[in-house]
Amino acid sequence: MRIIRAKDYCEMSRRAAEIIASEVILKPDCVLGLATGSSPVGTYDELVKMYKDGALDFSGVRTVNLDEYCGLDITSDQSYVWFMHHHLFDRVNIRPENTHFPDGKQADAQKACAEYDAVMEKTGRTDLQLLGLGPDGHIGFNEPEDFFPAGTHKVALTDSTIQANKRFFSSEEEVPRFAYTMGVAGIMKARRVLMVVSGKSKAGILKEALCGPVVPQVPASVLQLHPDFVLVADEEALSEMEGAQ
Ligand SMILES: N[C@@H]1[C@@H](O)[C@H](O)[C@@H](COP(=O)(O)O)O[C@@H]1O
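Computed from a predicted model, the values in this text were never measured in an experiment.

Side chains that are nonpolar tend, in soluble globular proteins, to be buried together. Residues Leu133, Met195, Leu206 and Ala233 are the most contacted members of the largest nonpolar core, which totals 65 residues. Sequence-distant contacts of Met195, defined by excluding residues within four places in its chain, comprise Leu131, Leu133, Leu223 and Leu231.

Structure follows, in structure tokens:
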């Protein structure tokens, strides 16, 4: 595990974007695993800046996103498809057909999950998987469980996740209760995993995930076992890990 300490959210975003950019420069047809949430927004902004400066070309890049809410139309501004278009895809020269998500509108969960696993299989091994960290230790939407779910699966969101994500909706009732998410095996098979974490509110769960036992009740703890795991976090997020690193 490598830990890159950033002063604040801005520096975290810049450092993470530099790591992603080097991937794209070295392998123009790389597969990027992408994440939603507020943590990677600054990283996407930095990538857009580099693209606009002529330093990055996304025309060969392929992407697989971690997750999608069940039931939301892709035109909904709460869907993760919309999020990715708004924050990254519509601002760079990525080909829309090279971007992939679980199909949140597919009511048949088995079909939706099998289809996404097949898409990932066809796309090939992810070169770099970007992750945020949920307040309960979730990665993607892999919520605390008694086991690590391997493949794409349907999850019931925990109350903590619903509470955390309701800020993006006009009311708590509107937060979808279910999502499709890439499984832990899908995340772990990436050649490199890059996690961005910012703020005091994540300090406790970050320490638990990276310094505590590897248990499925803290899904992010599995990252301790990844051979090329890079954490880019700001001082506030790292504040409880001092001395434990
Ligand atoms: N499914 C996403 C996760 O992939 C993300 O990591 C998490 C943290 O979000 P934030 O970065 O806003 O704290 O939010 C959502 O639940």
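There's more to say after this.
Looking along a regular strand, one sees side chains alternate from face to face of the sheet. Side-chain alternation along strand β2 (residues 31-34) places Val31 and Gly33 on one buried face and Leu32 and Leu34 on a second face that is also buried. Bridge count between β2 and strand β3 (residues 62-65): four bridges; the pairing is parallel. Looking across to β3, one finds that Val31 is bridged to Arg62. You can see the chain leave β2, run along helix α2 (residues 41-52) and come back into β3, and the turn it takes is right-handed. With two bridges connecting them, β2 and strand β6 (residues 128-131) associate as parallel partners. If you follow Gly33 over to β6, its bridge partner there is Gln129.

Right, let's talk about the sheet that holds strand β10 (residues 229-234) for a bit. With parallel pairing, seven strands are arranged side by side in an open sheet as β1-β10-β9-β6-β2-β3-β5. Each of the sheet's edge strands pairs with one partner strand only, and the pair in question is β1 (2-6) and β5 (99-100). As judged from the five bridges shared by β1 and β10, these two strands associate in the parallel manner. Counterpart to Ile4 in the pairing with β10 is Val232. On top of the sheet, helix α4 (residues 109-123) reaches β2, β3 and β5; it is set at about 150° to β3, its chief contact.

With that out of the way, let us pick up the UniProt feature "domain: Glucosamine/galactosamine-6-phosphate isomerase" (unreviewed entry) in the protein. The sites that carry the UniProt feature "domain: Glucosamine/galactosamine-6-phosphate isomerase" (unreviewed entry) are, in the present numbering, residues 16-224. Helix makes up 32% of residues 16-224 and strand 15%, whereas the separation of the span's terminal C-alpha atoms amounts to 19 Å.

To continue, consider the UniProt feature "active site" (unreviewed entry) in the protein. Under the present numbering, the feature "active site" (unreviewed entry) in UniProt falls on Asp67, Asp136, His138 and Glu143. Examined against the element boundaries, Asp136 turns out to sit in the loop between β6 and β7 (153-156). Residues contacting Asp136, with those up to four places away along its chain left out, are Glu143, Pro144, Thr158, Ser160 and Thr161. Take Glu143: it is sitting in the loop between β6 and β7. The exposure class of Glu143 is buried, given the 22 C-beta atoms found within 10 Å. In this structure Glu143 touches Asp136, His138, Val155, Leu157, Thr158, Thr161 and Pro219, once residues within four positions along its chain are discounted.

As a structural note, the neighbourhood of the ligand is formed by 14 residues, with Gly37, Ser38, Ser39, Gly132 and Gly134 the closest of them. A per-class count over the shell around the ligand returns four nonpolar, nine polar and one charged.

Analysis parameters
Residues numbered from 1 in each chain as written. Predicted model: local features only at pLDDT ≥ 70, side-chain atom pairs only at ≥ 80, totals over all residues. Core = buried A, V, L, I, M, F, W, Y, C linked by C-beta atoms within 7 Å. Buried ≥ 20, exposed ≤ 12 C-beta atoms within 10 Å, placed from the backbone. Contact = placed C-beta atoms within 7 Å. Helix = DSSP H or I, 4+ residues; strand = E, 2+ residues; numbered from the N terminus. Pairing = 2+ DSSP bridges. Right-handed = clockwise from strand over helix to strand, strands pointing away. Axes fitted to C-alpha atoms, helices over the stretch in contact; angles between N-to-C directions. UniProt positions renumbered as here; feature names shortened; annotations may be inferred. Near = placed C-beta within 6 Å. Nonpolar A, V, L, I, M, F, W, Y, C, P; charged D, E, K, R; others polar.

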